[in-house]
Amino acid sequence: KTLVFYDGEIAKGRYQRSGTEIKGIKINTPESYVISPGQSLQLSVSVYPESMEGLNILWEVTDQQSPLNYISVDKKGLVTTNIDIDGSFWADISAKTLDGKYWDTITIFATMGSVVKMESLRFDKEAARVKVKESTFVSVKIKPSNISAPKLVWSSSDEGVALVEESSSIIYGKEELSTGGNVYGVSKGQALITARDLDDQLVASCLVMVCEERSEVNIKPYEAKIKVGDDYRLNVFDTESNTLYADWRSSDPSVAKVDKNGMVLGVSEGEAVIKAITGDGSTATGRIYVQKARTTPTPTPTVTPQPSVTPIPTVTPIPTVTPIPTVTPIPTVTPIPTVTPVPTVTPVPTVTPVPTVTPIPTVTPIPTVTPYPTVTPVSPFYYVDFNSNGGSEVSSKRVLEGQQVSKPEDPTKDGYIFIGWYKDKDLKRPYDFESPVRSFLILYAKWSYIIPDKGVYIAKNQKIDVRSLFEKSYSRYSITNESRGIVSVNSKGVLSGKNPGIAKVFGCIKVGTSWVGDGENVITVVVERPDIIKEKLVITKPAATYMAIDNLTGTSITPTSYRSSNYNVAYIDHKTGKITSISRGVARITMYFGEGDQAIKASFRVQVDIPVLSRNSLTLMTGGKSRLYLKYNNKEVEWKSSDEKIATVENGEVKALNCGRANIYASVEGINYTAELTVEPPRINKTLLEIRVGKSRIIRLKDTRLKNIEWFSSDEAIVRVNEKGLIEGISPGRATVYTDTGGVRNACEVIVLLK
C-alpha cells in the first residue's frame, strides 16, 4: 500500500472519517495525455489524507485552445471530444474540492483526422559539458505537442567518452513537448549525442565535452581599453585554458559592437559590457572602455640612406646622433648647408658609415605612437558596496571574481526592522549571497516599519477583517488620504493590501447626517511584499532538511501555512515549513499568507538531485564483468561488495567470480546506494552438433570472460577437442564434449558423420 507522508507521520491503513480534514488533492498520471475521436479518457485524483477519498470532486475545463466545448469533462472525470473536426487542440482540466480550497490541473490534447507526425526535433542547446563520472541531462524539443509517445533512438558517437540513456520524463507544453536523455561522462574528450525519430527519421545532435573537472568559463582579458575605430579580439576560456565557442553580445552596441567571433569594434566613446554564452549556457563577462580616437602623428620626412650626405640637412634631430666620433670637427661647421664641399672630404669613407647611422629610425617619433596600450588588463577583483538606505554604515567588501561575498552584519535603523539586501534601488530583486560575484555591485537595504502601538502587518494583495483589531465595533471604516494606493477598506471592514507602505485605518461615527472618523481608535497597517531569494533550490542528499522561510525575504510576516506539489519528492511540514528531501524529482513549495480565499502565496521550485545507481540489479555469468556508476553525483564514491568470494568491485567495475548473490554498495559521505547482483554459471552455445569426419567446429561458453577453459571429450576416437573449444570429427559415431565451470557441467552432444 502506498504510504502518504503528511505532518511528519506516515499514514497507514484508513483514518476515521470523523474529525479528519482534507489536506490536498492531486490528479493521478493518466494512461495518455492525448485522445482521438471516439475515444475517452478517465481521470482520477488522490486525496490526502487517504481517509477522505470518496468525497465529491468538481471537474471542469478551465482553459482551452479549441472550439467551445470541443473537449469536455463530466462530473466523474471522464474526458471526451464532442465534435469531429480535423486539427489538434488542448484543454486544461481542473479538479477541485467543492469549497475551492484545494485543486490541481492537467493539460489534455485532442488529435483529430490523420495520424500526428513529428514536425521538428531539436536540442535546446547545441553543446553541453559534463565531468568524468558525472551525468547531465540534455533536453530535446518536439513539435507538435500532441504526440503521445515519441519514439526516439539515442546514440553516442564515442561510448568510450560519453554514454547516453533515454529519460522517461516527458513534459507536455501547449506548442511543443520536452523529453531528453541522461549523458554520463566516461573519459575526457568529445562525443556527439544523437536523437533520431524512428518514424519520420528526423535527427538532432548535441556536442558533449567531457572534462576532468567542471570548470568555470571566463573572458580574457577581464577589462580592456580601446580607441574609437579600433578593434580587439576577446576569447572565452575554461580553467584548462581551452578556447570555447560562444554567442557574443554587447550591452551597448552604440559604444562597442562584437561579432560572432568575439571581435570588438569601438564605435563611440563610453563603456560597454561584453557577454559570452557558451553552448551549455555558461556565461562570462568582460568590460570594454572606448576612448577618443588618437590623433594622427605628423609624418617624419623620409631619410634616404644614400652614400651622399646631402640629405642630412633635412634631419634636424641629427645633433643627437653623437656616435660619429671620427668626424669631431663637424660641430665647428655649424652652417652645415654651406658645407657643400663635403663630398671632397675623402675620409668620409672611413665613417662608412651611413650603415653606422642606421639607428636614425629610432629617432623618428612614430615608434612612440604605435606601442599605445590597446589592452590594459586589470586585477580580477570587484568591490561590493552596501547602501543601508538610512541605516547604520556597512563597509564595502573586496571580492575575487567568481567567489561569493560574505553577508555582513545586519544594519540597524531606529523605528525599523531590517528585511534584507536587494540588487536594485526599487527593492524588487533580492540578492542571493551564495551566487558568485562577476562585476561591481551595489546592494540596497530594505526596511520594515515597526508599529509603535496598535497595528498589523499584511502582505501585498492579502485581505483581512480589521473589525477584530478595534476595541469597539463601527458601522463604517475608512483610511487617511495618504493611505490611498497602499490599502483599501470596504464598509464591512475587509481590508486589502495594494502596495508596500504604511497606512492608517479608523472607524467612522455618524454625526448628524455625516460620517466622522474616530480619531481615538486608529489602526496602523504595514503592507509588505514577500520576495523569493532563489527561484530554484537544489538538494543533493536524501533526507536533507531546509527551512522554506530561509528562502523568503522582503517581509517580516511569517507564512501561515506551507504546501508541496509533490510530497513524494519534497515533503514539507505545513506548520513549520521544514522541507525534507524524499526522492529524486521536482516539487513546488508554496507559502501561504492568510487563510482561505483571502490568502496570498509565494512559491519556488525544489529540485532533488539525489544520486542514483545506473542499475539497481544485474545478472552476470561466472567470469563476467559489468560497470556501475553513480549518476548525478560529483563526490568521491567508495565501492564495496558484500561477498568478495562471489564478486569484487573496483571503481564501479564488477567482476563475477562464483555463483551466488551479493550486494554491490556505492557509498558517498556515509550513504549507501545498493545494486543486487546475481552470478550464474555460464552456458554453452550448442547442445547438439553434427559434423563430418575430418571437419571441425568451434563451441564456446556464452556471456563469460573466463580464460583457460578445459574441454573434454567422452570418446577421443570419435571426437577431439582442444583448449579453445575446437571440435574435430575423427570417426563416425556419437560422443559428448563437456566442461565443468562454476560447479555446473556444460555438455554438447556431437554426431560425427561420414565424409
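What counts as what
- Residues numbered from 1 in each chain as written.
- Predicted model: local features only at pLDDT ≥ 70, side-chain atom pairs only at ≥ 80, totals over all residues.
- Heavy atoms only, no water.
- Helix = DSSP H or I, 4+ residues; strand = E, 2+ residues; numbered from the N terminus.
- Contact = heavy atoms within 4.5 Å.
- Areas by Shrake-Rupley, 256 points an atom, 1.4 Å probe, with all protein chains shown as cover.
- Pairing = 2+ DSSP bridges.
- Axes fitted to C-alpha atoms, helices over the stretch in contact; angles between N-to-C directions.
- Core = buried A, V, L, I, M, F, W, Y, C linked by side-chain atoms within 4.5 Å.
- Buried < 20%, exposed > 50% of the residue type's maximum accessible area, 1.4 Å probe, protein only.
- pLDDT = per-residue confidence, 0-100.
- Salt bridge = Lys/Arg side-chain N within 4 Å of Asp/Glu carboxyl O.
- Phe/Tyr/Trp six-rings, centres within 6.5 Å; stacked < 30°, edge-to-face > 60°.
- Lys NZ or Arg CZ within 6 Å of the ring centre and 35° of its normal.

Novice: What should I look at first to understand the overall build of the chain in this one?
Specialist: Looking only at helices and strands, the chain features 0 helices and 67 strands. Partitioning the intrachain contacts of the chain with sequence separation of at least 6 by distance along the chain shows that 58% fall at a separation of at least 24. Carbon together with sulfur atoms contributes 50% to the accessible area of the chain, which is approximately 42,000 Å² in total.

Novice: So what exactly am I meant to see when it comes to the sheet that holds strand β57 (residues 660-668) here?
Specialist: The strand order across the open sheet formed by 4 strands is β51-β58-β57-β54, and the pairing between neighbours is mixed. In the strand order of this sheet, the two ends are held by β51 (617-621) and β54 (638-641), each with one partner. Adjacent strand axes in the sheet meet at a mean angle of 25° when their direction is disregarded. As defined by bridge partners, β51 adjoins strand β58 (residues 671-680) across 5 bridges and the pair is classed as parallel. When the sheet's bridge partners are listed, Leu 618 is paired in β58 with Leu 677.

Novice: Looking at this model, I keep getting lost on the nonpolar core. Mind explaining?
Specialist: Most often, soluble globular proteins keep nonpolar side chains buried together rather than apart. One finds Ile 579, Phe 604 and Val 606 to be the most contacted residues of the largest nonpolar core, which totals 44 residues. The dominant element in this core, judged by the number of residues it contributes, is strand β49 (residues 600-608), at 5 residues. Discounting chain neighbours no more than four positions away, the residues touching Phe 604 are Ile 532, Lys 534, Glu 535, Leu 537, Ala 548, Asn 551, Ile 579, Ala 587, Arg 588, Ile 589 and Met 591. Counting residues in hydrophobic clusters, the runner-up holds 28 residues, among them Trp 90, Val 138, Val 140 and Ala 162.

Novice: Sorry, what's going on with the side chain of Thr 179 here?
Specialist: Its place among the elements puts Thr 179 in strand β18 (residues 177-185). Relative accessible area serves as the criterion here: at 5%, Thr 179 is assigned to the buried category.

Novice: Sorry if this is basic, but what is going on with the confidence of the model for the chain here?
Specialist: Overall, the predicted model of the chain reaches an average pLDDT of 77, with 76% of residues at or above 70. In this model, residues 306-336 is a region of pLDDT below 50 whose contacts with residues beyond four sequence positions or in other chains number 10 contacts.

Novice: Just to check I follow, could you spell out the pattern of salt bridges for this structure?
Specialist: Summed over all chains, the structure comprises 11 salt bridges. Glu 60 is paired through a salt bridge with Lys 96; the nearest N and O atoms lie 3.1 Å apart. You can see Glu 60 sitting in strand β7 (residues 57-65) and its partner Lys 96 sitting in strand β10 (residues 87-97), a full 36 residues away along the chain. One salt bridge connects Asp 465 with Arg 467, and the closest N-O pair in it is separated by 2.8 Å.

Novice: Got a minute to help me understand the sheet that holds strand β52 (residues 625-627) in this structure?
Specialist: Strands belonging to one sheet form pairs held by backbone hydrogen bonds; the direction of such a pair is parallel or antiparallel. Strand order in the open sheet made by the 3 strands is β52-β56-β55, with antiparallel pairing throughout. What marks the edges here is a single partner per strand, and that holds for β52 and β55 (647-650). Taking each pair of neighbouring strands and ignoring which way they run, the sheet shows an average axis angle of 20°.

Novice: What's the story with the environment of Leu 427 in this structure? I'm lost.
Specialist: As for its placement among the helices and strands, Leu 427 is situated in the loop between β32 (416-422) and β33 (441-449). It is 9.9 Å that separates the C-alpha atoms of Leu 427 and Arg 529, two residues lying 102 residues apart in sequence. Here Leu 427 is in contact with Asn 389, Tyr 422, Tyr 444, Ala 445, Lys 446, Arg 529 and Asp 531, once residues within four sequence places are set aside.

Novice: Mind showing me how you'd approach the packing of aromatic side chains here?
Specialist: A ring pair, where both rings are aromatic, is described by two values, the distance of the centres and the angle of the planes. Summed over all chains, the structure comprises 12 aromatic pairs. Here Tyr 382 and Phe 440 contribute two aromatic rings whose centre-to-centre distance is 5.0 Å and whose plane-to-plane angle is 85°, an arrangement assigned as edge-to-face. Residue Tyr 382 is found in strand β30 (residues 381-387), and its partner Phe 440 is found in the loop between β32 and β33; the two are separated by 58 residues along the sequence. Overall, Tyr 382 belongs to the buried group, its relative accessible area being 5%. Here a set of aromatic residues connected by ring pairs shows up, and it is made of Phe 386, Phe 418, Trp 421 and Trp 447. Taking NZ or CZ as reference, Lys 413 lies 4.6 Å from the ring centre of Tyr 416, over its face. Residue placement shows Arg 584 over the ring face of Tyr 632; its charged tip is 3.1 Å from the ring centre.

Novice: What is the right way to read unusual backbone geometry from this model?
Specialist: Among all residues except glycine, the phi angle is most often negative; among peptide bonds, the trans geometry is most common. Of the consecutive residues Lys 143 and Pro 144, the connecting peptide bond is found in the cis state with omega at -5°. At Lys 133, a position not held by glycine, the phi torsion is positive, near 70°. Here Lys 133 is to be found in the loop between β13 (127-131) and β14 (135-143). Among the residues examined, Lys 133 registers a relative accessible area of 48% and is labelled partly exposed. Of note in this structure, Tyr 632 is not a glycine but carries a positive phi near 60°. Here Tyr 632 is to be found in the loop between β53 (630-631) and β54.

Novice: So what exactly am I meant to see when it comes to the pairing of strand β6 (residues 45-48) here?
Specialist: On any regular strand, side chains alternate: one points to one face of the sheet, the next to the other face. Neither face of β6 is open: one carries Val 45 and Val 47, the other Ser 46 and Tyr 48, and all of them are buried. Note: strand β3 (residues 24-27) against β6, 4 bridges, orientation antiparallel. Within β6, the position partnered with Gly 24 by the bridge is Tyr 48.

Novice: Would you take a moment to explain the environment of Val 487 for this structure?
Specialist: Looking at the secondary structure, you find Val 487 in strand β37 (residues 487-489). Distance in space between the C-alpha atoms of Val 487 and Lys 504 is 8.9 Å, their sequence separation being 17 residues. Non-local contacts of Val 487, meaning those with residues more than four positions away in its chain, are made with Ile 479, Leu 495, Ser 496, Gly 497, Lys 498, Ala 503, Val 525 and Val 527.

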